[in-house]
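Here are the chains, one letter per residue:
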Amino acid sequence: MVAFGKYLQRKQIEEWRGYYINYKLMKRKVKQYAEQIRGGSQHPRHVLKDFSRMLDTQIEKTVLFMLEQQGLLAGRLSTLRETHDAVLEQPDISKIVALRESYRDVGKDLLQLLKFVELNAIGLRKILKKFDKRFGYRFADYYVKTRANHPYSQLQQVFKHVGVGAVVGAISRNLHELQENEGSFYSIYDQPVLPLQDPVVEAIKIAVDKLTNSTSFLNFLAQHALIMQDDLQTPSEDTIDERTYHFNSLLLNLGNTFLYMVNTYIIVPTADDYSMSLGAAATVCGVVIGSMAVAQVFSSVYFSAWSNKSYFKPLVFSSIALFIGNLMYALAYDANSIALLLIGRLCCGLGSARAVNRRYISDCVPLRIRMQASAGFVSASALGMACGPALAGLLQIKFKFYKLTFNQSTLPGWVMAVAWLFYLVWLCISFKEPLRDTEEQERSNHKETTSMTDRVEEGIRKPLLITSGLLPDDEEDCDESEESAEDSRRPANSFADAYRLLTPSVKVQLLIYFMLKYAMEILLSESSVITSYYFGWTTSSVAIFLACLGLTVLPINILVGSYISNMFEDRQILLTSEIIVFVGILFSFNLFVPYTVPQYVISGLVMFVAAEVLEGVNLSLLSRVMSSRLSKGTYNGGLLSTEAGTLARVVADVTITLGGYLGRNHLLNATLLPSLVICIGSIVATCCTYNSLY
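When helices and strands are counted, the chain shows 29 helices and 2 strands. Across the 694 residues of the chain, 54% fall into the buried class. Counting contacts in the chain only where the partners sit at least 6 residues apart, residues at least 24 apart contribute 84% of the total.

The following block contains the structure:
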């Protein structure tokens, strides 16, 4: 990986060389400002004013050239339109083919122009980041916000891209008219959902989607999964052979995700009754539920490392561990052993293969459908979360078979043991281990060059300025860093190595993730104890309540992904969601007598829904601010977020058990107080790093 200055110089179009931003000049000016401020010859305020003026000049030069090129493209399209009308009056196959190629040439030139804008946008973002890092300011956020929102700003022209939209519309419509279905009177405006087969039109369509920075529901769900990938990879560079991709194997991974989430939450409504039937206190349910998370802290690491060599073997081990764990959980009742119960749940936690599920989607699913697969991962998790308590509510029967007892406490274990046994058989029959390239082949694949059009497509796949990422965010230019190009691409090989790559923004996002998982685990895990004490709810009532909470996940993600995220910035949604979580926690406290069902249900629903919104936005931001070195390897971003969430669940479940020593009448407030404190801390931390979340 070369320095951005050299990369920009190499990628410049020779005829347009004078219209790119002068990145080297601005970099020298930043160094000069540092020397002047250090020597006392320049006041920081004057530096900011001078730097702003220089940026404005550079951007003006670039934007005016972009508008000029748009005019030239519009002129060419106008000329082609005259030929187009003549061809339609007297159709001629050879003329139609030639005209179609002419439109494609205009489309390729438009993509080249978008690449020009993209390179300049990356340069602007990097120089702003360099300036802030050098002087400790938050100038980047101020500059982009003030320029983008001003009606006469050149940046406004880039963000609104009205001219680009007109050119895109003309190319798309005219190419569509010249396609094979010439007898139809429909246009792209009548049937926008029809697939456009022309590769140039497809590339332009991607450009429009990314330049408008729109967020679809599918995108939002995929970000929710935090399945990271290399920013440099494009569909043309995708090293995953479509012929070796195996749909049944993907389905088995999603099935593993679903069953594991069912397994996690199916015991929640009955864990307190099971604990008491074995002679323990009801609040020991916190330890019973949390023991699975304790084991998951360790299993996530070895599963992530194991997935470097195989996917099939970890999934087989996961199924066997979960089968044995559920069997032990079910047999603990007749053995009258709380120890066997806990060992069974620990064994279930050791079978947590979510790291493998994420890794399989990231490494073995073609880029073309990776977004859908990532969304499927999140949907399977949400569905499992809802189905677990609902299934527990249906298992309200009791009978004996030989010396084995089947009741509401043991049936979740028996049912899940049978489910994992069937899954294991299906896995052995249908799973296909993907072929693995050697490291040398992988390195050579990264070095392969692609055509200009394909590289342009990569350039326009990332939103301008804000999330553009042709180069890793953590990479500094070669003249300012002794880190080799190989090191800048090398994945982290330990938790310590990964921790050194965490910026303050990433640490805050992980804290937020810890907070929301802690708050949700407190609400879910103690629900059976709290509701039976205050309201006398039965297991079925608790199961219905928890299932209803789980069923809100997908609708809320649809609302946020399709609408809210298009109206507000992610960081605005993030901070607002944190505040709503705070309000939900605050109103959950038992400060008034009597404690009512509406207060508990409404406050719990508000907190849970806000936490779900917060999780999606949090992981979306995390995937953008995290170093690209954490996109692969054992110690990747997905593992870090999983560990943060799992630790939160462990701490929450331990808190419930410890709070039980104060008595059930004090349990609610004792467990909510830490949630409130952590939530306040995360809000303060978000405010401190707010300007870096772009």
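Having seen the model, we can carry on.
Relative to the assigned elements, Leu-435 resides in the loop between helix H17 (411-430) and helix H18 (439-447). Distance in space between the C-alpha atoms of Leu-435 and Tyr-245 is 9.5 Å, their sequence separation being 190 residues.

Summed over all chains, the structure comprises 8 salt bridges. The salt bridge involving Glu-101 is made with Arg-104; its shortest N-O contact spans 2.4 Å. Taken together, the positions of Glu-101 and Arg-104, both in helix H4 (residues 93-135) and 3 residues apart, correspond to about one turn of that helix. Glu-101 gets classed as partly exposed once you look at its relative accessible area, which sits at 34%. A single network of salt bridges, built from pairs that share partners, joins Lys-29, Asp-50 and Arg-53.

This part takes up the nonpolar core. By size, the foremost hydrophobic cluster in this structure holds 120 residues, and its most contacted members are Leu-250, Val-365, Leu-427, Val-581, Ile-585, Phe-608 and Leu-630. Sorting elements by how many residues they give to this core places helix H22 (residues 504-525) first, with 13 residues. Not counting residues up to four positions away in its chain, the partners in contact with Phe-608 are Met-385, Met-520, Leu-523, Leu-524, Leu-549, Gly-550, Thr-552 and Val-553.

Below, the discussion takes up a nonpolar patch on the surface. Together, Ile-397, Phe-399, Phe-401 and Tyr-402 line one region of the surface with nonpolar side chains, adding up to about 500 Å² of accessible area. Position of Phe-401 relative to the elements: it lies in strand S1 (residues 399-401). Exposure remark for Phe-401: the relative accessible area of 48% places this residue in the partly exposed category.

The subject of this paragraph is the packing of aromatic side chains. A full pass over the atoms with the stated rule returns 32 aromatic pairs. With 4.8 Å between their ring centres and 10° between their planes, Phe-399 and Phe-406 make a pair best called stacked. Judged by its relative accessible area of 38%, Phe-399 falls in the partly exposed class. By relative accessible area, Phe-406 is classed as buried at 13%. Look at Tyr-595 and Tyr-600: their rings are 6.3 Å apart centre to centre, the planes differ by 70°, and that puts the pair in the edge-to-face class. Of the two residues examined, Tyr-595 and Tyr-600, each falls in the buried class.

At a minimum axis distance of 10 Å, the contact between helix H23 (residues 527-534) and helix H29 (residues 664-689) shows a crossing angle of 135°. When the axes of H23 and H29 are compared, the pair comes out oblique. Relative to H29, the crossing made by H23 is left-handed. Contacts between H23 and H29 involve Val-529, Ile-530, Ser-532, Tyr-533 and Tyr-534 on the former and, on the latter, Arg-664, Asn-665, Leu-667 and Leu-668. Broken down by class, the residue content of the contact of H23 with H29 amounts to 6 nonpolar, 2 polar and 1 charged.

Attention now goes to the packing of H22 against H29. Put simply, H22 and H29 touch, their axes get as near as 9 Å, and they point 155° apart. By the angle between their directions, the pair H22 and H29 is classed as roughly antiparallel. In this structure, H22 crosses over H29, and the sense of that crossing is left-handed. Two secondary-structure elements touch here, H22 through Pro-504, Ser-505, Val-508, Leu-511, Ile-512, Phe-514, Met-515, Tyr-518, Ala-519 and Ile-522 and H29 through Thr-671, Leu-672, Pro-674, Ser-675, Ile-678, Cys-679, Gly-681, Ser-682, Ala-685, Thr-686 and Thr-689. Residues belonging to the contact of H22 with H29 are distributed by class as follows: 14 nonpolar, 7 polar and no charged.

Its place among the elements puts His-84 in helix H3 (residues 44-89). By relative accessible area, His-84 is classed as buried at 0%. Not counting residues up to four positions away in its chain, the partners in contact with His-84 are Leu-99, Tyr-103, Asn-174, Glu-177 and Leu-178.

The topology assignment puts Glu-526 in the loop between H22 and H23. The charged side chain of Glu-526 is buried without a salt bridge, its nearest counter-charge being Arg-664 at 10 Å. Those residues in contact with Glu-526 that lie beyond four places of it in its chain are Glu-521, Ile-656, Leu-667, Leu-668 and Thr-671.

Attention now moves to unusual backbone geometry. With phi around 50°, Asn-336 is a residue other than glycine that occupies positive phi space. Residue position: Asn-336 is located in the loop between helix H13 (312-335) and helix H14 (338-350). In this structure Asn-336 comes out as exposed when scored by relative accessible area, which is 52%. A positive phi angle is found at Tyr-402, which is not glycine, with a value near 55°.

Looking now at the confidence of the model for the chain. Per-residue pLDDT for the chain averages 78, and the proportion of residues at 70 or more is 77%. Within the model, pLDDT remains below 50 along residues 211-215, and this stretch shows 13 contacts once partners closer than five positions in the same chain are excluded. Below pLDDT 50 for its whole length, residues 438-486 participates in 112 contacts with residues either more than four positions away or in separate chains.

About the thresholds
- Residues numbered from 1 in each chain as written.
- Predicted model: local features only at pLDDT ≥ 70, side-chain atom pairs only at ≥ 80, totals over all residues.
- Heavy atoms only, no water.
- Helix = DSSP H or I, 4+ residues; strand = E, 2+ residues; numbered from the N terminus.
- Buried < 20%, exposed > 50% of the residue type's maximum accessible area, 1.4 Å probe, protein only.
- Contact = heavy atoms within 4.5 Å.
- Salt bridge = Lys/Arg side-chain N within 4 Å of Asp/Glu carboxyl O.
- Core = buried A, V, L, I, M, F, W, Y, C linked by side-chain atoms within 4.5 Å.
- Patch = residues over 30% accessible without salt bridge, like charges linked within 9 Å, V, L, I, M, F, W, Y side chains within 5 Å.
- Areas by Shrake-Rupley, 256 points an atom, 1.4 Å probe, with all protein chains shown as cover.
- Phe/Tyr/Trp six-rings, centres within 6.5 Å; stacked < 30°, edge-to-face > 60°.
- Axes fitted to C-alpha atoms, helices over the stretch in contact; angles between N-to-C directions.
- Parallel < 35°, antiparallel > 145°, perpendicular 65-115°, else oblique.
- Left-handed = near helix turned anticlockwise from the far one by under 90°.
- Nonpolar A, V, L, I, M, F, W, Y, C, P; charged D, E, K, R; others polar.
- Lys, Arg positive; Asp, Glu negative; His and termini not counted.
- pLDDT = per-residue confidence, 0-100.

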